[in-house]
Amino acid sequence: MKDSVTSISALGRGLRFSSLGSGSKGNALLVSAADGTTATSVMIDCGFGLRETERRLARSGLTPSSLSAIIVTHEHSDHAGSVFQFASRYEIPVWMSFGTFHALGRKNHEVDVCFCRDGDRLAIGDLQFTAFTVPHDAREPLQFHVTDGNVKLGILTDTGQITPHLAQELGGCDALMIECNHDAHMLAESAYPPFLKKRIRSMHGHLSNEDAAQFVAGLDQARLKKIIGAHLSQQNNRPELVHHCLEEVMKNSRTEVLVACQEEGFGWVEID
C-alpha cells in the first residue's frame, strides 16, 4: 500500500470527513486523519465519472495522489461507477467484498484489489475501518465505521432495514452519516412505477426518513456530536424533512444535524 502524501498542515490533527456528493447520481465520501507526523486520506465509494471525481476531489482540497485507498461498499454504479478506472490511473489500492468484486465482473484493470467481509478490521495508515454487512439488493454489500483511535465515525448509506447487528456496530459514534432516502408519503404519491416503489420500500431497499429517525432514537447517543442525513432521493425527499426528522430524536441538543446533497455533498466536518 502506498504512503499517503497528504499535507499534515492542511489536515490538522484528528479525524474529519467530507462528501463529494451523495444520492442516486453518485456517491463518494472522504475520511482523513493526521497524528502530527503522518496523514491518511481514504475515499469510500467512487460513484462519479473519472473527470467528475477528479473535479470534486480538487474542490475538497485533495489530490488523487493523496489517497491511501478506496473502499467500495457495493457494486451499484452510483457507488462503484469509475472505481477501477480511477484507481488504475492513480495506482490506488481498492478494498471491497469478494461478492462486490464478482458482481463488478472481476475486471480490475490491474488494480491492487483487497477483499474484506463482515467483521474485518482494515488498518489503513492512521485509520482503522470495520466492515459490517447490511440488507441491500447487492451481492455482498458492506458499510463501515472508522476510527483514528480517539473518535468513531459511522457510515450507513444503503440499507433496506435496521437490524440488531447495525445497532451494535453504530452505537457510541461521535459522528454518524445515515441514509435518509425518502419521505414515505412523497414516495407513495410519486410518479414512480409500482415495482420501483416496492423495491425502495423493501427489506433490501432504502431507509425512509422515519426509518432513519427511529434507528437513531434507539442508538447510544452519549458521544454523538454530528449526524448527517445522506443519500436523499431528489424526487421523493427534501432536506428540511430530513433535518426535522433527525432533530426530533436527538437526545442531546448539542448534536449538530446536517444534510448531504447530490451536487455539493458537504464540506469538511471535524470531530472534536
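Residues numbered from 1 in each chain as written. Predicted model: local features only at pLDDT ≥ 70, side-chain atom pairs only at ≥ 80, totals over all residues. Heavy atoms only, no water.

Peer 1: Can you lay out the pattern of salt bridges for me, pointing to particular residues and giving the numbers?
Peer 2: Note on pairing: side chains with opposite charge can pair once their charged atoms come close. Counting across every chain of the model gives ten salt bridges. Linking Glu52 and Arg56 is a salt bridge whose minimum nitrogen-to-oxygen distance equals 2.7 Å. Placement of both Glu52 and Arg56 in helix 2 (residues 50-59) is noted, with a separation of four residues, approximately one turn of the helix. Exposure remark for Glu52: the relative accessible area of 26% places this residue in the partly exposed category. You can call Arg56 buried: its relative accessible area is 4%. Among the ionic pairs, Arg56 bridges to Glu263, the shortest N-O distance being 3.6 Å. (Salt bridge = Lys/Arg side-chain N within 4 Å of Asp/Glu carboxyl O. Helix = DSSP H or I, 4+ residues; strand = E, 2+ residues; numbered from the N terminus. Buried < 20%, exposed > 50% of the residue type's maximum accessible area, 1.4 Å probe, protein only.)

Peer 1: For the side chain of Ser190, give the residues involved together with the corresponding values.
Peer 2: Topologically, Ser190 is positioned in the loop between helix 7 (184-189) and helix 8 (194-201). Among the residues examined, Ser190 registers a relative accessible area of 16% and is labelled buried. Here the side chain of Ser190 touches Leu187 through a polar contact of 2.9 Å, landing on its backbone oxygen. Among residues more than four places away in sequence, those in contact with Ser190 are Lys197 and Asn236. (Polar contact = N/O pair within 3.5 Å; in protein donor to acceptor, adjacent residues only side chain to side chain. Contact = heavy atoms within 4.5 Å.)

Peer 1: Can you break down unusual backbone geometry residue by residue, with the values?
Peer 2: A positive phi angle is found at Asp45, which is not glycine, with a value near 75 degrees. Relative to the helices and strands, Asp45 is located in the loop between strand 3 (39-44) and helix 2. With a phi close to 55 degrees, Glu91 is a non-glycine residue in the positive phi region. Of note, Glu91 is situated in the loop between helix 4 (83-90) and strand 5 (94-96). Taking relative accessible area as the criterion, Glu91 reaches 67% and is therefore assigned exposed.

Peer 1: Summarise the packing of aromatic side chains; cite the residues concerned and give the values.
Peer 2: A full pass over the atoms with the stated rule returns six aromatic pairs. Judged by centre distance (5.7 Å) and plane angle (85 degrees), the ring pair of Phe17 and Phe266 falls under edge-to-face. With Phe17 in strand 1 (residues 14-21) and Phe266 in strand 14 (residues 266-270), this pair connects stretches of sequence that are 249 residues apart. On the basis of relative accessibility, which here comes to 0%, the residue Phe17 falls in the buried class. These aromatic residues form a ring-pair network of at least three members: Phe84, Phe98, Phe101 and Phe115. (Phe/Tyr/Trp six-rings, centres within 6.5 Å; stacked < 30°, edge-to-face > 60°.)

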